[in-house]
There are 10 protein chains.
Amino acid sequence: MAQFHCRIRAELPAGMDPEVRADFLERDRLHLAGLRDTGALLHEWRAAGEQLEFLVLESAGHEGLHELLAERPLFPFLRVEVTALRPGF
Amino acid sequence: MAQFHCRIRAELPAGMDPEVRADFLERDRLHLAGLRDTGALLHEWRAAGEQLEFLVLESAGHEGLHELLAERPLFPFLRVEVTALRPGF
Amino acid sequence: MAQFHCRIRAELPAGMDPEVRADFLERDRLHLAGLRDTGALLHEWRAAGEQLEFLVLESAGHEGLHELLAERPLFPFLRVEVTALRPGF
Amino acid sequence: MAQFHCRIRAELPAGMDPEVRADFLERDRLHLAGLRDTGALLHEWRAAGEQLEFLVLESAGHEGLHELLAERPLFPFLRVEVTALRPGF
Amino acid sequence: MAQFHCRIRAELPAGMDPEVRADFLERDRLHLAGLRDTGALLHEWRAAGEQLEFLVLESAGHEGLHELLAERPLFPFLRVEVTALRPGF
Amino acid sequence: MAQFHCRIRAELPAGMDPEVRADFLERDRLHLAGLRDTGALLHEWRAAGEQLEFLVLESAGHEGLHELLAERPLFPFLRVEVTALRPGF
Amino acid sequence: MAQFHCRIRAELPAGMDPEVRADFLERDRLHLAGLRDTGALLHEWRAAGEQLEFLVLESAGHEGLHELLAERPLFPFLRVEVTALRPGF
Amino acid sequence: MAQFHCRIRAELPAGMDPEVRADFLERDRLHLAGLRDTGALLHEWRAAGEQLEFLVLESAGHEGLHELLAERPLFPFLRVEVTALRPGF
Amino acid sequence: MAQFHCRIRAELPAGMDPEVRADFLERDRLHLAGLRDTGALLHEWRAAGEQLEFLVLESAGHEGLHELLAERPLFPFLRVEVTALRPGF
Amino acid sequence: MAQFHCRIRAELPAGMDPEVRADFLERDRLHLAGLRDTGALLHEWRAAGEQLEFLVLESAGHEGLHELLAERPLFPFLRVEVTALRPGF
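The model shown is predicted, which means the values in this text are computed figures rather than measured ones.

**Notes on the overall build of chain A**
Next, step 1: Of regular secondary structure, chain A possesses two helices and four strands.
Next, step 2: Taken against the 2.2 N^0.38 rule, which gives 12 Å for 89 residues, the C-alpha radius of gyration of chain A at 13 Å falls within 12% of a compact globule.
Next, step 3: If one aligns the C-alpha atoms of chain A with their principal axes, the spans along those axes are about 40 × 25 × 20 Å.
Next, step 4: Looking at chain A residue by residue over its 89 residues, the buried ones come to 54%.
Next, step 5: Considering only contacts in chain A between residues 6 or more positions apart, those separated by 24 or more positions represent 66%.
Next, step 6: A total accessible area of about 3900 Å² is found for chain A, and carbon and sulfur atoms account for 53% of it.
Next, step 7: Taken together, the 10 basic and 15 acidic charged side chains of chain A have centroids lying 6 Å from each other.

Structure below.
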């Protein structure tokens with residue numbers, strides 16, 4: 001298994017309809033909860049005061065990593081920086 | 001309690017309806033006044049000539065800091081840089 | 001307690017004497033091991049192929065965080081980006 | 001009187017002789033303390049974990065501001081961003 | 001009195017209605033002419049080939065400077081960099 | 001096995017002794033030739049006119065990738081950007 | 001024949017109609033498959049987790065390279081960095 | 001006469017109506033052809049694979065240079081970097 | 001005659017011998033005074049708090065401008081951004 | 001034959017011995033004159049006021065282009081940006 005550090009900034013259009021925004025955020029929250037359950041999402045931290053989060057994901061390979069991220073409902077609005085990690089603790 | 005320096009650039013769409021803009025700015029001004037009253041907002045400076053401001057906020061923890069900023073009416077239009085501060089004077 | 005995400009790029013001078021370099025790296029490694037033992041260092045990941053690491057540190061306050069980093073033997077050679085974190089998991 | 005926000009990153013050469021470094025830092029600390037006493041230095045915050053500080057300085061004019069900064073012993077090693085401030089609180 | 005150097009890039013939406021654009025530009029031109037008359041605008045240069053201009057403004061203080069710029073009809077479309085100047089000639 | 005795209009800019013000090021430089025380059029060339037033989041180095045392209053190269057490396061995991069790069073004689077002089085790749089062709 | 005390394009980031013508008021998006025992606029996929037068949041597209045890698053790809057293209061000359069890219073259905077949405085390559089392997 | 005190097009990136013909105021786009025490009029092409037005929041446009045190169053071009057323009061003065069560029073039909077969509085040139089060959 | 005706006009950041013090595021530094025600064029000051037006398041230097045402003053200055057220079061042509069700057073004693077330490085100006089006032 | 005636009009910034013160490021500097025510049029000047037004679041160097045422009053130049057080079061292929069640049073005496077001090085050009089005029 002390989003681990004990846006993802007620095008993710010969400011850039012939802014400021015003028016987005018509030019209900020559409022809430023729906024996106026809720027579906028995305030559930031998606032991440034699912035990844036926690038499967039063990040794919042090892043860690044999740046959200047920055048204080050910014051629309052910025054750090055995920056540590058684990059997957060068998062790089063194709064798997066892409067699916068974990070591309071299947072997020074918020075994916076079209078995300079700026080993602082992926083760093084391949086050497087085993088940490 | 002912890003202190004945070006926030007560098008905040010407001011990026012309201014140039015073509016925004018003037019009344020909608022004025023309403024956002026007024027609600028946000030009142031929100032900040034409220035933070036002054038509760039003691040959460042220690043200092044506020046606005047740059048001359050630019051849509052740029054510096055806030056020094058105090059909160060019990062990082063979650064609290066996020067709420068102080070995320071609850072601002074202008075939050076969707078703000079680019080925020082947060083710096084955790086060592087006690088100054 | 002507060003948690004912090006630190007993105008750290010080590011920039012040791014390329015022409016540094018190999019023995020001096022090795023000594024710095026070893027003393028720094030021991031320092032980090034110590035932080036693990038005290039519980040201050042929650043997580044440490046190193047990027048593959050780059051002189052880049054991610055630490056998640058926990059300290060009672062911001063002053064404590066500064067000491068955790070400033071006392072690292074490598075501190076003069078480090079470019080550090082600190083992000084205050086909302087509780088994650 | 002005018003107020004200025006200064007974002008200041010100190011970049012002392014990593015290989016600087018420790019005693020020379022300590023002497024610079026101490027003389028600079030005393031200089032800033034002097035500015036506090038004269039009322040020129042209204043606020044000083046240091047970032048946690050980075051060689052970064054924020055000062056709010058007050059001076060009769062721009063020439064005065066320059067002297068306040070240029071007379072700092074550390075001035076040759078400082079990267080300074082000055083922002084002219086509208087009165088805050 | 002204090003002097004300020006302002007580097008200003010105008011970013012009007014490319015698809016803006018030509019008449020609306022012309023009206024904005026004309027009202028802004030008149031506004032600047034007014035500042036020349038009052039002595040607030042000391043110098044104005046426009047770059048060749050780019051939507052870029054340099055103004056040197058003089059005002060009693062920083063609040064005054066902000067008004068000089070914020071009252072420009074084009075203000076919502078302007079990216080402004082303000083530099084506080086030491087007396088030049 | 002996983003594949004990685006590495007964008008690598010070599011920044012040898014301009015004033016380096018020519019013989020030392022030639023030795024570094026030759027040892028590094030041999031190291032890369034060895035990686036070709038083991039199958040770890042799938043592709044190597046060098047930009048025309050710049051000290052820039054692109055490598056596609058294959059390794060069992062991220063730790064292996066790090067060793068492939070960190071063991072290069074030129075490693076202390078290299079600015080490396082690693083991108084984890086989904087299988088291409 | 002000359003070889004070129006292309007770093008390509010696709011920036012489709014987040015609010016694009018899903019069917020229009022799918023059609024663009026499918027037509028572009030077929031276009032690239034065609035380039036593989038003609039031998040113009042030597043290699044294609046897609047980054048894991050980001051809308052980023054690396055192509056190595058071969059063409060008789062620079063005009064040919066431009067056509068290979070400009071004829072992609074996604075071309076208006078692509079940010080392309082082209083690097084002329086010295087023969088690699 | 002003075003010579004200028006212009007690095008110009010065209011940023012037409014991706015969703016622009018194809019006929020409107022073609023009309024803009026054709027009118028701009030004719031405009032540049034006109035500048036060739038008058039001798040104002042000394043050289044024109046277009047990058048392979050990117051919406052990037054380099055022009056070398058000659059004009060009696062800076063005001064003239066501005067008109068040469070500002071009168072281009074595509075001017076509202078152009079990001080222009082102008083460099084004043086010392087006589088080359 | 002043509003006018004040019006020059007944004008100039010002086011980057012003298014921090015460890016430079018104080019006497020050498022003072023000599024450079026004095027010779028450069030005298031050089032600029034000479035340009036004032038010849039009418040080549042129309043305006044000179046120095047930023048407050050930063051090693052940054054703005055010059056407006058006038059010369060018959062671009063070659064002349066280069067000599068005005070390249071002959072400054074500080075030229076090897078200067079980062080210069082030149083903007084060709086349309087006549088201002 | 002293929003044409004290339006090269007944007008080249010020379011970064012000679014400010015403290016370089018004047019005679020060494022003059023020798024480098026003279027040998028480099030002669031090298032470029034040689035390229036003019038062979039027809040490889042089609043155009044050369046130097047920016048006014050900055051250590052910046054633009055070359056248009058022609059070579060049979062990318063390997064040839066690299067040699068034209070790498071053989072310049074100043075090559076170790078040059079930051080080069082190469083753009084492959086479609087035929088211009």
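**Details of the relation of the copies chain C and chain A**
Next, step 1: Between the two copies, chain C and chain A, the superposition gives an RMSD of 0.0 Å; the rotation angle is 180° and the shift along the axis is 0.0 Å. Taken together, these values place the two copies in the relation of a two-fold axis.
Next, step 2: Both copies present the same face, since 100% of the interface residues in chain C are matched by interface residues at the equivalent positions in chain A.

**Remarks on the interface of chain C and chain A**
Next, step 1: Taken together, the contact pairs 21 residues of chain C with 21 residues of chain A.
Next, step 2: Of the roughly 2200 Å² buried between chain C and chain A, counting both surfaces, carbon and sulfur atoms make up 60%.
Next, step 3: If you look at where chain C meets chain A, you find zero salt bridges.
Next, step 4: Linking chain C with chain A are nine residue pairs in polar contact (both at pLDDT 80 or more).
Next, step 5: Breaking the side of chain C that touches chain A down by element, the ones donating at least two residues are β1 (2-10), β2 (41-47), β3 (52-59) and β4 (78-86) of chain C.
Next, step 6: Looking at the side of chain C that touches chain A element by element, the count peaks at seven residues for β2 of chain C.
Next, step 7: Of the pairings in the sheet, the one linking strand β2 (residues 41-47) of chain A to β4 of chain C comprises two bridges and is antiparallel in character. Pairing of Arg46 of chain A across the sheet is with Arg86 of chain C, part of β4 of chain C.

**Some remarks on the pairing of strand β3 (residues 52-59) of chain I**
The side chains of a regular strand alternate, residue by residue, between the two faces of the sheet.
Residues and elements named next belong to chain I.
Next, step 1: Burial runs high along β3: seven of the eight residues are buried.
Next, step 2: Two strands pair when backbone bridges link them, and strand β1 (residues 2-10) and β3 are joined in this way by eight bridges, in the antiparallel orientation. Within β3, the position partnered with Arg9 by the bridge is Leu52.
Next, step 3: With five bridges connecting them, strand β2 (residues 41-47) and β3 associate as antiparallel partners. What sits directly across from Trp45, in β3, is Phe54.
Next, step 4: Linking β2 back to β3 in an antiparallel pair, the connection comprises four residues, with Gly49 at a positive phi of about 90°.

**Structural notes on the relation of the copies chain D and chain E**
Next, step 1: In the superposition of chain D on chain E (RMSD 0.0 Å, axial shift 0.0 Å), the rotation amounts to 180°.
Next, step 2: A symmetric contact is evident, with 100% of the interface residues of chain D recurring at the interface of chain E.

**With respect to the interface of chain D and chain E**
Next, step 1: Taken residue by residue, the interface counts 10 residues in chain D and 10 residues in chain E.
Next, step 2: Both sides together, the interface formed by chain D and chain E hides about 920 Å², and carbon and sulfur atoms give 61% of it.
Next, step 3: The three residues of chain D that bury the most area against chain E are His62, Glu63 and Arg86 of chain D, which together make up 59% of that side's buried surface.
Next, step 4: Summed over the shared surface of chain D and chain E, the number is two salt bridges.

**A short note on the sheet that holds strand β4 (residues 78-86) of chain G**
Next, step 1: If you trace the eight strands once around the closed barrel, you get β1(F)-β3(F)-β2(F)-β4(G)-β1(G)-β3(G)-β2(G)-β4(F), paired in antiparallel fashion. Neighbour to neighbour, the strand axes of the sheet diverge by 35° on average, direction disregarded.

**Brief notes about the pattern of salt bridges**
Next, step 1: For the coordinates displayed, the defined rule picks out 100 salt bridges over all chains.
Next, step 2: Between Arg9 of chain C and Glu50 of chain C there is a salt bridge, and its shortest N-O distance comes to 3.2 Å. In this pair, Arg9 of chain C sits in strand β1 while Glu50 of chain C sits in the loop between β2 and β3, placing the two residues 41 residues apart along the sequence.
Next, step 3: In this structure Arg9 of chain C comes out as partly exposed when scored by relative accessible area, which is 22%.
Next, step 4: Residue Glu53 of chain D is joined to Arg72 of chain D by a salt bridge in which the shortest nitrogen-to-oxygen separation is 2.7 Å. Separated by 19 residues along the polypeptide, Glu53 of chain D in strand β3 (residues 52-59) and Arg72 of chain D in the loop between α2 (62-70) and β4 (78-86) bring together distant segments of the chain. Per residue, the accessibility class of Glu53 of chain D equals that of Arg72 of chain D, and both read buried.
Next, step 5: Salt bridges sharing common partners tie together Glu11 and Arg79 of chain A, Glu11 and Arg79 of chain B, Glu11 and Arg79 of chain E, Glu11 and Arg79 of chain G together with Glu11 and Arg79 of chain H.

**With respect to the arrangement of the chains**
Next, step 1: The two units chain F and chain I are non-contacting; their minimal C-alpha-C-alpha distance is 16 Å.
Next, step 2: Note that chain E does not reach chain J: the shortest distance linking a C-alpha of one to a C-alpha of the other is 15 Å.

**Observations concerning the confidence of the model for chain A**
Next, step 1: Mean pLDDT over chain A works out to 93, with 98% of the residues at or above the 70 mark.
Next, step 2: Summarising per-element confidence for chain A, the mean pLDDT is lowest in helix α2 (residues 62-70) of chain A (94) and highest in strand β3 (residues 52-59) of chain A (96).

**As for the state of the cysteines**
Next, step 1: Following the criterion strictly, the structure yields zero disulfides over all chains and no others.
Next, step 2: With no disulfide of its own, Cys6 of chain C lies 18 Å from the sulfur of Cys6 of chain B, the closest cysteine sulfur.
Next, step 3: A relative accessible area of 0% means that Cys6 of chain C is categorised as buried.

**Things to note about the side chain of Arg86 of chain B**
Next, step 1: Here Arg86 of chain B shows up in strand β4 (residues 78-86).
Next, step 2: In this structure Arg86 of chain B comes out as buried when scored by relative accessible area, which is 9%.
Next, step 3: For Arg86 of chain B, the side chain forms a polar contact with the side chain of His66 of chain C, separated by 3.2 Å.
Next, step 4: Among the polar contacts made by the side chain of Arg86 of chain B, one reaches the main-chain carbonyl oxygen of Ala47 of chain D at a distance of 3.2 Å.
Next, step 5: Arg86 of chain B has contacts with His62, Glu63 and His66 of chain C together with Trp45, Arg46, Ala47 and Ala48 of chain D, leaving out every residue within four places of it along the chain.

**Remarks on helix α1 (residues 18-38) of chain I**
Residue and element names in this part refer to chain I.
Next, step 1: In this model α1 runs 30 Å from its N-terminal to its C-terminal C-alpha over 21 residues, within 8% of the 30 Å that 1.5 Å per residue would give.
Next, step 2: Along α1, the residues classified as buried are Arg21, Phe24, Asp28, His31, Leu32, Ala33 and Leu35.
Next, step 3: Where α1 is buried, its residues meet β2, β3 and α2 (62-70).
Next, step 4: By the N-cap criterion, in which a side-chain oxygen at the helix start approaches the backbone nitrogen of a residue two or three places on, α1 is capped by Asp17, the distance to Glu19 being 2.8 Å.

**Here we look at the side chain of Ser59 of chain B**
All names here are of chain B.
Next, step 1: Tracing the backbone through its elements, the reader meets Ser59 in strand β3 (residues 52-59).
Next, step 2: At 3.3 Å, the side chain of Ser59 and the backbone nitrogen of Leu65 are in polar contact.
Next, step 3: Not counting chain neighbours up to four residues away, the residues in contact with Ser59 comprise Met1, Ala2, Phe4, Gly64, Leu65 and Leu68.

**Topic: the packing of aromatic side chains**
Next, step 1: Tallied over the entire structure, the rule returns 15 aromatic pairs over all chains.
Next, step 2: Here Trp45 of chain H and Trp45 of chain J contribute two aromatic rings whose centre-to-centre distance is 6.2 Å and whose plane-to-plane angle is 70°, an arrangement assigned as edge-to-face. Here Trp45 of chain H is found in strand β2 (residues 41-47), whereas its partner Trp45 of chain J is found in strand β2 (residues 41-47) on a different chain.
Next, step 3: Residue classification places Trp45 of chain H among the buried positions, given a relative accessible area of 3%.
Next, step 4: Note on Phe24 of chain I and Phe77 of chain I: the rings are 5.1 Å apart at their centroids and 80° apart in plane angle, and the pair reads as edge-to-face. Of this pair, Phe24 of chain I sits in helix α1 while Phe77 of chain I sits in the loop between α2 and β4 (78-86); the two residues are 53 residues apart in sequence, bridging distant segments of the chain. Of the two residues, Phe24 of chain I and Phe77 of chain I, neither departs from the other in class, the shared state being buried.
Next, step 5: In this structure, Arg27 of chain B is placed above the aromatic ring of Phe24 of chain B, and the distance from its NZ or CZ to the ring centre is 5.1 Å.

What counts and how
- Residues numbered from 1 in each chain as written.
- Chains lettered and ligands numbered in written order.
- Predicted model: local features only at pLDDT ≥ 70, side-chain atom pairs only at ≥ 80, totals over all residues.
- Heavy atoms only, no water.
- Helix = DSSP H or I, 4+ residues; strand = E, 2+ residues; numbered from the N terminus.
- Rg over C-alpha atoms; globule rule 2.2 N^0.38 Å.
- Buried < 20%, exposed > 50% of the residue type's maximum accessible area, 1.4 Å probe, protein only.
- Contact = heavy atoms within 4.5 Å.
- Areas by Shrake-Rupley, 256 points an atom, 1.4 Å probe, with all protein chains shown as cover.
- Lys, Arg positive; Asp, Glu negative; His and termini not counted.
- Charge placed at Lys NZ, Arg CZ, Asp CG, Glu CD.
- Least-squares fit on C-alpha atoms with pLDDT ≥ 70 in both.
- Buried area = accessible area lost by both parts, 1.4 Å probe.
- Salt bridge = Lys/Arg side-chain N within 4 Å of Asp/Glu carboxyl O.
- Polar contact = N/O pair within 3.5 Å; in protein donor to acceptor, adjacent residues only side chain to side chain.
- Pairing = 2+ DSSP bridges.
- Axes fitted to C-alpha atoms, helices over the stretch in contact; angles between N-to-C directions.
- pLDDT = per-residue confidence, 0-100.
- Disulfide = S-S within 2.5 Å.
- Expected span 1.5 Å × (residues − 1).
- Phe/Tyr/Trp six-rings, centres within 6.5 Å; stacked < 30°, edge-to-face > 60°.
- Lys NZ or Arg CZ within 6 Å of the ring centre and 35° of its normal.

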